[in-house]
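# Structure assessment
Here's the letter readout for the chains.
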Amino acid sequence: MAVGSLRYLIPQSLGLISRKLISPSNTNILSSNIIKSSILKSPKRLFHSSLSNKTYEEEKEVLDTLLEKLPESDKEHLSKLRNIGISAHIDSGKTTFTERVLFYTGRIKQIHEVRGNDKVGAKMDHMDLEREKGITIQSAATYCSWDKDDKNYHFNLIDTPGHIDFTIEVERALRVLDGAVLVVCAVAGVQSQTVTVDRQMRRYNVPRITFINKMDRVGADPFRVIDQLNKKLRIPAAALQIPIGMESDLQGVVNIIDRVALYSEGSQGEKIVQKEVPAELVDLMEEKRSLLIETLADVDDEIAEIFLDEKVPSVEQIKAAIRRSTIARKFTPVLMGSALANRSVQPVLDAICDYLPDPSEVLNKALDIDNNETSVNLIPSSKEPLVALAFKLEEGNYGQLTYLRVYQGKLKKGGYIKHVKTGKKIKVSRLVRMHSEEMEDVPEVGSGEICATFGIDCSSGDTFTDGINYSMSSMYVPDSVISLSIKTDTKDSANFSKAVSRFQKEDPTFRVNYDVESSQTVISGMGELHLEVYVERMKREYNVHCTTGKPQVAYREAILGASPFDYLHKRQSGGAGQYARVAGEISSLVGENQFETKVVGGKIPDKFLFACEKGFNDACEKGPLIGSKVLGCKMIINDGQMHIVDSSEFSFRTATIGAFKQGFLNSNPVVLEPIMQLAVTSPNEFQGNVNGLLNKLLAIIQETENGPDEFTIYAECSLNSLFGFATSLRACTQGKGEFTMEFKNYSPTPPQLQKQLIAEYQKKLQAKK
Ligand SMILES: Nc1nc2c(ncn2[C@@H]2O[C@H](COP(=O)(O)OP(=O)(O)OP(=O)(O)O)[C@@H](O)[C@H]2O)c(=O)[nH]1
């Protein structure tokens, strides 16, 4: 598994690692085995890690045997199907690009720009809020057709949001896609979020082609960007094209494999006209063609042999090698153009057909629940039993809309499907293909396709079959890092409940809890913007007016040391008494909290030990320092005492809570806070200001990259210091600075803050008494 993906899979454990690092006795704690074992504990994570560990060669062998079972008619159908995601850093032009794809494939009749003057907005950004903010929040699915080499290809496209706060949308989209187009800006190059998206694509084994967009901008340099792809993303990348003209004079591209010039003509670039390669570009074309072959020789055995024999591969051999190595995720072919200027988008569609896999070329697995959850390979044949995954829910005008990816079998309108989690049989009363917010009714959907249906009560990540007990793995849901108290008018409470229940179903990273202590409703999520968007949506879509408190960081509690405990819980106030004594040791560990009993001689009977475990779980939910969740704690009970009359489950549960507190407070306890990985990009003239701002926030600057116009600073900073960062960054960069942040790990708070948090918590407890 790529080390990069570990951060995502075990954010809490990594938090513990950084905490452990400050303890000199634990210097070996970074051992990757320890990290792995803590991931593997969770069965739902096991699925992805087992997928990622498989090399493509092994996968291919399995795929080849599966394909033998595939009927010819299915093979033919699947070979024309592409499930594609479009991912990139914010503002790289994904939505603009998708709009062009829909226009050129004839799916829409007119192009509307993202922040265009026509006030319509791009087709895929259909929420009002998205149009106003000019960002994509929800991903929308659409389909279109493209003719290539006398074949009519069918694309299912998912436009994914770029902002890190909506990362769950990106993850979900990638989970069900077979390939992706990575859009990168020709000026800004590989940006912080490009790296994040790339990591996500690796996790889900998604092959990708790269489109360098914005070639019409001043300072565009596609070859610098390719260099960055090679170095920063560490994926061999080479150009399949070179530009004809640059910046405002961009006219098209040269296809360096076929050695033809492709000019974008017509008022909206709708005509691609083939001409001879301009003489002044021939040398560059040959240079880049050789470089392409050289890069392929590094990743593909067939080209390597031809290369070593000092022969030149044929056009067909080059294309076949690009396809093989792209699908094997060893290479990314690079195309270039400008979506906004309508230049060279169509060749990307050709490349999707040529180089990205069809659903039969990707290995998908499910868990056989009846067979001890063993993993089974799915065969993308319509003749196999149905297995479909609900990957996105949306509340539409006609009730809950559920997006499904069919992995094998067929989904028919009017047919019955089984919701594996509940065992319920559900009738598919309507089946539609989505085109942003519009839909088209279809009678059936075959294997490998994406569709949507109505009236199914489920959560995203659920599996549907026509009877078999298979389950696709759940998608990994990161822990929320920020919360906000929220108050609504009593008259709005019914609508508020409707809104939060819908949002929670649609987005598992958005959570709502009622805090009994403070009598407050608390919403939590992945960042300030994430929560801001939901509060705004409550107002707009449900007419719920809320007042929100100050955002709160999701603190955690942990211990750095270990300590024995011996605790007696005794109450004798008339009637039945309470008596329980528990003794043992508390210590820290990497991974999930653990409870163990080593009591001998029946000093505590089993039913009471069970109550002790419950007490331990209660204690971990509400730590002794500030009432936050406890991370990485192990409790062993090895001794105790009961009273024949006065002991009860309740007494042992209470005694364990008391014992936990005693042991915890004696084991060098700390409050942990979320640390965010921050990337700030801004024009060069503001570098001093941004540095100053980051220093003020006590951020740890890790790297600064200086480009010709812009610089990017990568830093770590506590989430606590980052509230309102958007405003301060705007202020010190005249609104030109941009940033992304994502959760990195938990780390101990500075002692002063810890003291303050404990004092506040104590005050709250006192006030309640
Ligand atoms: N010069 C130039 N600008 C472009 C190009 N493509 C997109 N843009 C502009 O870049 C901005 C961002 O484009 P979007 O299509 O919204 O980008 P996105 O990646 O979908 O953005 P998010 O949805 O926020 O992640 C808009 O103002 C576009 O008009 C291009 O090829 N050239």
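Residues numbered from 1 in each chain as written. Predicted model: local features only at pLDDT ≥ 70, side-chain atom pairs only at ≥ 80, totals over all residues.

### Things to note about the sheet that holds strand β32 (residues 578-588)
Just so we agree on the cut-off: For two strands to pair, DSSP has to find at least two bridges joining them. Secondary structure elements follow DSSP: runs of H or I no shorter than four residues count as helices, runs of E no shorter than two count as strands, and numbering proceeds from the N terminus. Orientation is described by lines fitted to C-alpha atoms, with helices fitted over the stretch in contact, and by angles between N-to-C directions that extend from 0 to 180 degrees. Here, residues touch in the contact sense if the C-beta positions derived from the backbone fall within 7 Å of one another.
Spatially, four strands are ordered β31-β32-β35-β33 in an open sheet, and the strand pairing comes out mixed. Since the sheet does not close on itself, it has two edges, and those belong to β31 (563-571) and β33 (594-597), each with one partner. Across the sheet, the axes of successive neighbouring strands diverge by a mean angle of 25°, strand direction being ignored. The pairing of β32 with strand β35 (residues 633-642) spans nine bridges and is antiparallel. Looking across to β35, one finds that valine 582 is bridged to glycine 640. Seen against the sheet, helix α18 (residues 606-621) touches β32, β33 and β35 and runs at an angle of roughly 140° to β35. In the packing of helix α19 (residues 649-665) onto the sheet, the strands contacted are β31, β32 and β35, and the crossing angle to β32 comes to about 35°.

### Looking at unusual backbone geometry
The backbone phi angle of aspartate 149 is positive, close to 45°, even though this residue is not glycine. Note that aspartate 149 resides in the loop between β2 (140-148) and β3 (151-159). Even without being glycine, arginine 234 reaches a positive phi, approximately 50°. Structurally, arginine 234 is set in the loop between α11 (222-232) and β6 (237-239).

### A short note on the sheet that holds strand β12 (residues 365-368)
Taken together, three strands build an open sheet; the order of strands is β13-β12-β24 and the sheet is antiparallel. Whereas interior strands pair on both sides, the edge strands pair on one side only; in this sheet they are β13 (374-377) and β24 (470-471). With two bridges joining them, β12 and β24 adopt antiparallel strand pairing. Residue pairing across strands places aspartate 368 opposite tyrosine 470, the latter belonging to β24.

### Looking at α18
Quick reminder: α-helices carry 3.6 residues per turn. Residues three or four places apart thus point the same way. Basically, it comes down to this: Helix span, as expected, comes to 1.5 Å for every residue beyond the first.
The end-to-end C-alpha distance of α18 is 23 Å, a good match for the 22 Å that 16 residues give at a rise of 1.5 Å each. Against the buried residues of α18 lie β32, β33, β34 (629-630), β35 and α19.

### Description of the nonpolar core
Among soluble globular proteins, nonpolar side chains are generally buried collectively. Note the cut-off: To define a nonpolar core, we join buried Ala, Val, Leu, Ile, Met, Phe, Trp, Tyr and Cys residues through C-beta atoms within 7 Å and take the resulting set. Using C-beta atoms placed from the backbone, we call a residue buried if 20 or more other C-beta atoms fall within 10 Å of its own, exposed if 12 or fewer do, and partly exposed for counts in between. Per the annotation, domain bounds derive from an automatic or database assignment of domains.
Counting 107 residues, the largest nonpolar core has Val181 and Leu404 as the members making the most contacts within it. Two domains share this core, each providing at least three of its residues, namely domain 1 (79-355) and domain 2 (365-472). Apart from the residues lying within four places of it in its own chain, the contact partners of leucine 404 are Ala388, Leu389, Ala390, Leu411, Cys451, Ala452, Thr453 and Phe464. Listed in part, the 76 residues of the second largest apolar core include Tyr579, Leu631, Met642 and Leu757.

### Looking at the confidence of the model for the chain
Caution is warranted with low-pLDDT regions, since their predicted coordinates should not be read in detail. Rule in force here: Every residue is assigned a pLDDT by the predictor, reflecting its confidence on a scale from 0 to 100.
When pLDDT is averaged along the chain, the result is 82, and 84% of the positions lie at 70 or above. Here residues 1-53 is modelled with pLDDT under 50, and outside its nearest four sequence neighbours on either side it reaches 83 contacts, counting other chains as well. Counting interchain partners and residues more than four positions distant, the pLDDT-below-50 stretch residues 133-139 has 26 contacts. With pTM at 0.67, the complex prediction returns an ipTM value of 0.97.

### Structural notes on the packing of α18 against α19
A pair of packed helices can be characterised by two numbers: the angle between their axes and the separation between those axes. How we decide: Note on terminology: angles under 35 degrees are roughly parallel, angles over 145 are roughly antiparallel, angles of 65 to 115 are roughly perpendicular, and the others are oblique. In a left-handed crossing the near helix is turned counterclockwise from the far helix by less than a right angle, and in a right-handed crossing that turn is clockwise.
At a minimum axis distance of 7 Å, the contact between α18 and α19 shows a crossing angle of 45°. When the axis of α18 is compared with that of α19, the two are oblique. Where α18 crosses over α19, the handedness of that crossing is right-handed. Contacts between α18 and α19 involve Lys607, Phe608, Ala611, Cys612, Lys614, Gly615, Phe616, Asp618 and Ala619 from the first element and Glu649, Phe652, Arg653, Thr654, Thr656, Ile657, Phe660 and Lys661 from the second.

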